[in-house]
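Residue-level structure breakdown
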Amino acid sequence: MAKARPPTPRRAGAGRGAVTVGYDGPGHVMYLSGKKCPIEHATRYLTTLRLPVPGTVCPAE
């Protein structure tokens, strides 16, 4: 399977104190998409306020 194209670079200063979780597959992954890995990261943040490690990438499902 071909790798997805790289994520769009963040703008300088945007997302301070934020982490982007990558997805190694096609399309954009949303919280209610049914994709287990991104949902786990989002839920963990919403319930504990712990950000994922920078550079986190979920495998394609």
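Residues numbered from 1 in each chain as written. Predicted model: local features only at pLDDT ≥ 70, side-chain atom pairs only at ≥ 80, totals over all residues. Heavy atoms only, no water.

1. With respect to a nonpolar patch on the surface
On the surface, a cluster of nonpolar side chains totalling about 670 Å² of accessible area is made up of Tyr 31, Leu 32, Tyr 45, Leu 46, Leu 49 and Leu 51. Relative to the helices and strands, Tyr 31 resides in the loop between strand 1 (22-24) and helix 1 (36-48). (Patch = residues over 30% accessible without salt bridge, like charges linked within 9 Å, V, L, I, M, F, W, Y side chains within 5 Å. Areas by Shrake-Rupley, 256 points an atom, 1.4 Å probe, with all protein chains shown as cover. Salt bridge = Lys/Arg side-chain N within 4 Å of Asp/Glu carboxyl O. Helix = DSSP H or I, 4+ residues; strand = E, 2+ residues; numbered from the N terminus.)

2. Quick word on the confidence of the model for the protein chain
Detailed reading of predicted coordinates is not advised where the pLDDT is low. Per-residue confidence for the protein chain gives a mean pLDDT of 79; residues scoring 70 or more make up 74%. Averaged pLDDT values for the elements of the protein chain fall to 87 in strand 1 and rise to 93 in helix 1. (pLDDT = per-residue confidence, 0-100.)

3. Considering the side chain of Thr 56
Checked against the element boundaries, Thr 56 lands in the loop between helix 1 and strand 2 (57-59). Residue classification places Thr 56 among the buried residues on the basis of a relative accessible area of 16%. Leaving out residues up to four positions away in the same chain, Thr 56 has contacts with Thr 20, Val 21, Gly 22 and His 41. (Buried < 20%, exposed > 50% of the residue type's maximum accessible area, 1.4 Å probe, protein only. Contact = heavy atoms within 4.5 Å.)

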